[in-house]
Amino acid sequence: MSRLIVVSNRLPLGENPSGGLVVALEDALRSSGGVWIGFSGEVVDDPRNELQDHPGAPFQRMSFDLNPQDHQEYYLGYSNSMLWPVCHGRPNLMHILPEYLEGYKRVNARIADLMLPHLRDGDRIWVQDYHLFPLAAELRARGVRCPIGHFLHIPFPGPADCAALPNPSELFDWLSYYDLLGFQAHRDLGAFAESARQLAEVEQLSETRLRLSGREVRAEVFPIGIDTASFIEEAKNAPDEDRARLLTGAKMMIGVDRLDYSKGIPQRFRAYQILLEQDPDLIECISFLQIAPPTRGEVEAYQDIREETEHLAGRINGQFATLNWTPIRFIHRPFPRPVLAGLYRQARIGLVTPLADGMNLVAKEYVAAQDPQDPGVLILSRFAGAAEAMPEALIINPHDPHDLADAMAEAMRMPLEERQRRHAALLQDVVEHDVGWWSATYLAALGQEAKSESVG
Ligand code: ADP
Ligand code: F6P
């Protein structure tokens, strides 16, 4: 039987969830089984030269550690100080150092070496995200012939942003070694095709096939989903104590994000400030809970966003708080999924306002968690991949705080019947296109690409 081998930078070994990729793949692997290979999260001086097994999950987990130099150059450097800002339309935040690219390639080559003894004929390899673009090329160079697919969880940059990388054509060369390239949204597939046309050697063979750097590749959109059925159950069964603690009399607005500059958190805070200035009737009637665990804290741009958001929240609280009411509760901690589900269900407004985002699973989780009889309103950025399939949300421009403040006021006053109608349409998509649908559709497409399969 064909085994599924998933490779991602991050492998969840501890308690804390770490973003959309981990949440989605855990759900996908729990149902289909397979092997998940990734970084343990341990930075050690002398990492072992073999993968380490971690029993105790419904699928096999194998990890590698990184030494400090590799962690700096591959993860913090090329992945998160170069590719991440470029893919999120912020090339001005890039920090370019030649050793970052060298470290990125070195770690991808090492991962290929570590994987090789564990691969068998008939395996399908599914590589995740921007940390591992060169992995297929490295595996092919070692004789691996099984189907290898890539899925990009974040936006693909258009030509102007791509060109800000020191090595744009190499990016397309790396991608050309995959059989299947998966993107979150049509927006990303379009950006990929246009960037490839301008910056690489490409020939479009059909709607979904192209010849890239002389190799045939299939490229399609597979919008990621959540484990909708279990999320609905978790929200319904959220502990009563948590519910009781939140009953302050005010209607709650919730944001749940990693503390990332792509998530538009300062813009959200400014919009809330405008709302309270324009609509003082809402004082003490609305409360804003922003949950944002810090992420990638060694990178300067993330230190800056933390300072900026804390400063803004403090200013707004200072300006508007009363003896009975704090306008913003800003919490920098991860929460277990059932607690989050209960919080979403309590919230009249779900705020998902990134400046750029691959999909954004929080948008889908918020919808799944609502009580269909009395649902809340999703306010969604037009720049989240989720916006392509969620037109019944209040779609806003996150750069325009007045547009966002108006949407907050509209959501606060939206009649029950309109909330129900919008929610029912949103829920239908979240149910139909859940994480099981996503992985099954992707893997069926990858299965069709099984060309010559010996591992070598
Ligand atoms: P990203 O992958 O960029 O972090 P997504 O919105 O796609 O963004 O995914 C974030 C995932 O991480 C969601 O499943 C969300 O529930 C989870 N998450 C985010 N913040 C927290 C938190 N504070 N506690 C627990 N889970 C969180
Ligand atoms: O979903 C995008 C993503 O970058 C994933 O690849 C990653 O696991 C997640 O966000 C969280 O980021 P990190 O792994 O750097 O903490």
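Residues numbered from 1 in each chain as written. Chains lettered and ligands numbered in written order. Predicted model: local features only at pLDDT ≥ 70, side-chain atom pairs only at ≥ 80, totals over all residues. Heavy atoms only, no water.

Q: Help me get a handle on the overall build of the protein, residues and values and all.
A: Across its full length, the protein carries 16 helices and 16 strands. Since a compact globule built from 456 residues should have a radius of gyration of about 23 Å, the 22 Å found for the protein is in line with a globular shape. For the protein, the spread of C-alpha atoms along the three principal axes comes to 70 × 45 × 45 Å. Counting every position in the protein, which comprises 456 residues, the buried fraction comes to 56%. (Helix = DSSP H or I, 4+ residues; strand = E, 2+ residues; numbered from the N terminus. Rg over C-alpha atoms; globule rule 2.2 N^0.38 Å. Buried < 20%, exposed > 50% of the residue type's maximum accessible area, 1.4 Å probe, protein only.)

Q: Describe unusual backbone geometry, with residues and values.
A: In this structure, Arg-296 is a non-glycine residue whose phi angle is positive, near 45 degrees. As for its position among the elements, Arg-296 is in the loop between β12 (286-291) and α11 (300-320).

Q: Run through the sheet that holds strand β1 (residues 4-10), naming residues and quoting values.
A: In space, the 10 strands of this open sheet follow the order β3-β4-β2-β1-β5-β6-β7-β10-β9-β8, with mixed pairing throughout. A strand with exactly one partner marks an edge of an open sheet, and here the two such strands are β3 (52-53) and β8 (202-204). As paired strands, strand β7 (residues 180-183) and strand β10 (residues 215-221) are joined by 4 bridges and run parallel to one another. Counterpart to Phe-183 in the pairing with β10 is Val-221. Against the sheet, helix α2 (residues 68-87) contacts β1, β2 (35-43) and β4 (60-66), and its axis sits at roughly 100 degrees relative to β4. Helix-sheet contacts for helix α3 (residues 98-115) involve β1, β2, β4 and β5 (124-128), and the interaxial angle to β4 is about 140 degrees. (Pairing = 2+ DSSP bridges. Contact = heavy atoms within 4.5 Å. Axes fitted to C-alpha atoms, helices over the stretch in contact; angles between N-to-C directions.)

Q: Pulling in residues and values, what's your account of the nonpolar core?
A: Proteins that are soluble and globular tend to have nonpolar side chains buried together. Judged by nonpolar contacts, the single largest core of 96 residues is most densely connected at Met-115, Ile-125, Leu-135, Phe-192, Tyr-272 and Ile-379. Those residues in contact with Tyr-272 that sit more than four places away from it in its chain are Met-253, Ile-286, Ser-287, Phe-288, Ile-316, Trp-325, Pro-327, Ile-328 and Met-408. (Core = buried A, V, L, I, M, F, W, Y, C linked by side-chain atoms within 4.5 Å.)

Q: Any details on the confidence of the model for the protein? Residues and values, ideally.
A: Per-residue confidence for the protein averages 94 on the pLDDT scale, and 95% of its residues sit at or above 70. Highest mean pLDDT in the protein belongs to strand β15 (residues 377-381) (99); lowest belongs to helix α9 (residues 240-246) (60). (pLDDT = per-residue confidence, 0-100.)

Q: So, the side chain of Asn-317: which residues are in play, and what are the values?
A: Position of Asn-317 among the secondary structure elements: in helix α11. Separated by 2.9 Å, the side chain of Asn-317 and the backbone nitrogen of Ile-328 make a polar contact. Leave out the neighbours within four places in its chain, and Asn-317 touches Thr-326, Pro-327 and Ile-328. (Polar contact = N/O pair within 3.5 Å; in protein donor to acceptor, adjacent residues only side chain to side chain.)

Q: Summarise helix α14 (residues 401-413); cite the residues concerned and give the values.
A: Taking 1.5 Å as the rise per residue, α14 with 13 residues should run 18 Å; its terminal C-alpha atoms sit 19 Å apart, in good agreement. Residues Leu-404, Ala-405, Ala-407, Met-408, Ala-409, Ala-411 and Met-412 constitute the buried set of α14. On its buried face, α14 sits against β11 (251-256), α10 (265-278), β12, β14 (347-352), β15 and β16 (394-396). In this structure Asp-400 caps α14, since a side-chain oxygen of it lies 3.0 Å from the backbone nitrogen of His-402. (Expected span 1.5 Å × (residues − 1).)

Q: Give a description of the packing of helix α6 (residues 168-175) against helix α7 (residues 186-199) that names residues and reports values.
A: In contact at an axis separation of 10 Å, α6 and α7 are set at 120 degrees when each is read in the N-to-C sense. Of the possible angle classes, the one that applies to α6 and α7 is oblique. Pair α6 / α7 crosses with left-handed handedness. In this structure, α6 uses Pro-168, Ser-169, Phe-172 and Leu-175 to contact α7, whose residues at the interface are Phe-192, Ser-195, Ala-196 and Leu-199. (Parallel < 35°, antiparallel > 145°, perpendicular 65-115°, else oblique. Left-handed = near helix turned anticlockwise from the far one by under 90°.)

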